[in-house]
Amino acid sequence: MRDPNAIDFWRGLALVTIFINHIPGNTFERYTYSQYGISDAAELFVFLAGWSIGIATHGKDGTPEPALTSVLRLLSRTVEVYRAQITTMALALAMIAGTALALDNPLILEWHNAGGFFADPIQTMVGFVLLTHQLGFFNILPLYVVLIGVAPAFVLLARRSRALALALSVAVYGASLVFEWNLPAWPGEGDWFFNPLCWQLLLVLGIVMQGWHREHAWLRLWTARLVPLGVVIVAAGIVLSVWEIRPDPLLVPDPRLLFTFDKTYLSPARLVHFVGVLLAFQAVYRLVAPRIGPVARYLAGLGRNSLAVFSIGSLLSLGAQFVRFQTGGGVFVDCVVVGSGLIALGVTAWFVEWRSRRPRPSSSASR
Amino acid sequence: MALPKATALVLGLTLGLVAPSARAQATPQSPATQAPAMPAAPAMQAPAMQAPPAMVVSPPRSTATAEGGEALDATLSPECRVPGSRLYTLNRLDAVKAALKEKRPVRVLAIGAPAASAGASTSYPVKLESALERSIPNVDVEIESRGLSGEVASGAAERLRTMVAESEPDLVIWQVGTHDALARVDVGDFANALREAVQWVKSHEIDIVLVDPLYTASLAEDAYYTSIVKAVKDVAASEGVPLVQRYEAMRYLAGSGDKGEGHLLGKQFRLNDLGLRCMAEHVTRAISLSLLQPDLATVTGTAVTPPKDGPRAAAPGPAGSGQ
């Protein structure tokens, strides 16, 4: 178990934010930082995934590990994430079906796009394992599977030339924006909520920046100097989101996605805002971590076990939605569901780490 | 993507299970082979007939009167028949009219179809498209259907704008409110976000028809749920856009006869094929009647006289009514 660090801390904060924002209508939703900017926790999550890949595929001294090891490492991570997505989706669908039965309310089957599964299990079962049938709020892991699946190509390319890897990534991103490329959803019409062709850019940025940041003092110097720029961008983001100022997608010139604030395509405004957030908050962890010891340890614990915490968090927020629906919500209910959810996330992180510590042979848990 | 054959197969299979409730309608055929029959106006029937005709055309008059004395809208197929005032409020649809005048295809964006239009319900856009094309002859209707999960009050309204910008339709048919109701978002927040989104669509000279949430018996007494339904109605009224009162229509159908809720929310516990077909008919009815609205007039379903029944129902279609 590694010590708390900035990456795990921020990832933990992103996880908590995603958990709360996935209980729409709840009291605490308006206090998450997603409400005060153009980009949100999803960007942070994917970027930090790239950064972590950069760390994981290099030794402590910065020498890259053997190529085959990196490929296998990422492949094994892809399998893990895929398994998590399938398990989480199966549990979510069962929760939806069970709640609909228990409350005798067929509307619940329509929850977040789940209706397709119950209306047409034959096609949807295929879409389910192909990751092309996604439930609302359960669409981040499919993105993640694709991103980590293609990560070996970018990791290996970045060893030749980071600039080349980044250029390739930007080219795919730009073309997807201009030509509106996206992966199709199936069955049913529409596309992926998180377009991997665009979101890969954040992952590659994470991988590449981690490498440059490790090797080049000038980059560290300049990121530190640019904190004020980051603060300005963050302030602008607050103004735009609080006053709900955004471009009208029917009025902007073609290609529209270059100008709108679109999450699916990670439009440039979101990207710029996210870079501003990175610049503005780069040093914050070092400043606040000593003062908020337990909170920092809690968040870093979540971040270290992000896959398990994210999966359980998705199910908990779904459960919390049902509780809010049945009880009618309200501040008290929100405190209870969000509070117990945050505790459950902490317990999840602890449990995963307990499981990964090999129990002593004498303990009853041994097999 | 739609895999029509596979869909038909699936429909056949699922209907095998749901059929009892549908068969109770005394239709000898399997519902899967029924025409998603829409207009009964005999004049219009002719061009529409790839599917078996019959049974929809002229219902026995005795059944055609609702308890309030108001006639059922006989242009609807018997199992979907609801009095007009329960079904819609009408308003003008200028963009669609313009498309009709220019004799170009009418582009329709159907948003928030049940089951997000996956699988069996792919048939909903298909049903809607054929129902619209039959009720407005000589017109090509191009339907694009998109699921919209999430709440209007938080985020979904924004995605709606993106979808509209992507497809640039003449008409948006928006089934709205269910997700917000399930998330128990504040009714005021919901109404404001909905109103803004409707205003935005209108400001770009795109027509919009709202469809309010589904009815289900377990929520009939839920004051919050009905307040969401009412919010949709209020927004439609204040913004002057047509509304399909799906909640009222389904409640009416659920209460009529001994069919109970199984009628539209089949034994399989979801909006079944029949329910989707009725919805396609109801939406089509509201649209084709809205197209008949005189310019500069706003009339509600009660004020306008919906065609009473039988032959007189040959309410002249807006275009090509003469055939």
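What you are looking at is a predicted structure, and each value in this text was computed from that prediction instead of being measured. (Residues numbered from 1 in each chain as written. Chains lettered and ligands numbered in written order. Predicted model: local features only at pLDDT ≥ 70, side-chain atom pairs only at ≥ 80, totals over all residues.)

### Re the overall build of chain A
Tallying secondary structure elements over chain A gives 15 helices and zero strands in all. Taking 2.2 N^0.38 as the reference for a compact globule, 367 residues should give roughly 21 Å; the C-alpha atoms of chain A span a radius of gyration of 21 Å, in line with that estimate. Along the first, second and third principal axes, the C-alpha set of chain A runs to 70 × 65 × 45 Å. Buried positions account for 49% of the 367 residues belonging to chain A. (Helix = DSSP H or I, 4+ residues; strand = E, 2+ residues; numbered from the N terminus. Rg over C-alpha atoms; globule rule 2.2 N^0.38 Å. Buried ≥ 20, exposed ≤ 12 C-beta atoms within 10 Å, placed from the backbone.)

### Topic: the sheet that holds strand β2 (residues 106–111) of chain B
All names here are of chain B. The strand order β1-β6-β5-β4-β2-β3 describes an open sheet built from six strands, whose pairing is mixed. Each edge of the sheet is formed by a strand with only one pairing partner; in this case those strands are β1 (88–89) and β3 (141–146). Note that β1 and strand β6 (residues 243–244) share two bridges and pair antiparallel. The residue bridging Y88 from the neighbouring strand is V244, located in β6. (Pairing = 2+ DSSP bridges.)

### Comments concerning the packing of helix α13 (residues 293–304) of chain A against helix α15 (residues 331–356) of chain A
Residues and elements named next belong to chain A. Axis separation between α13 and α15 bottoms out at 9 Å; the angle between their running directions is 60°. By the angle class used here, α13 and α15 are oblique. α15 is crossed by α13, and the crossing has left-handed handedness. Packed against α13, whose contacting residues are Y298, G301, L302 and R304, the element α15 presents L345, G346, A349 and W350 at the interface. Split into classes, the residues belonging to the contact of α13 with α15 amount to five nonpolar, two polar and one charged. (Axes fitted to C-alpha atoms, helices over the stretch in contact; angles between N-to-C directions. Parallel < 35°, antiparallel > 145°, perpendicular 65-115°, else oblique. Left-handed = near helix turned anticlockwise from the far one by under 90°. Contact = placed C-beta atoms within 7 Å. Nonpolar A, V, L, I, M, F, W, Y, C, P; charged D, E, K, R; others polar.)

### Here we look at the pairing of strand β4 (residues 171–175) of chain B
Residues and elements named next belong to chain B. Within β4, five of the five residues are buried, leaving the element largely enclosed by the surrounding structure. Neither face of β4 is exposed, since L171, I173 and Q175 on one face and V172 and W174 on the opposite face are all buried. Bridge analysis of β2 against β4 gives four bridges, and the strand direction is parallel. The partner of L109 across the bridge, within β4, is V172. Bridging between β4 and strand β5 (residues 207–211) involves five bridges; their strand directions are parallel. Bridge pairing in β5 links I173 to V209.

### A word on the confidence of the model for chain B
Interpretation of this model should avoid reading the predicted coordinates in detail wherever pLDDT is low. Residues and elements named next belong to chain B. Residue-level pLDDT values for chain B average 70, and 60% of them are 70 or greater. Considering only residues more than four positions removed or in separate chains, one finds that residues 1–67, a stretch of pLDDT under 50, has 109 contacts. The model gives residues 297–323 a pLDDT under 50, and that stretch makes 64 contacts with residues more than four places away or in other chains. What the predictor reports for the complex is a pTM of 0.82 with an ipTM of 0.87. (pLDDT = per-residue confidence, 0-100.)

### Some remarks on the nonpolar core
Core analysis: the biggest nonpolar cluster contains 100 residues, and B:V172, B:I173, B:L194, B:V209, B:L210, B:V232 and B:V283 have the highest contact counts within it. Tallying contributions element by element places helix α11 (residues 273–291) of chain B first for this core, with 10 residues. Core analysis: the next-biggest nonpolar cluster, separate from the first, contains 72 residues, A:F9, A:L44, A:I207 and A:A296 among them. (Core = buried A, V, L, I, M, F, W, Y, C linked by C-beta atoms within 7 Å.)

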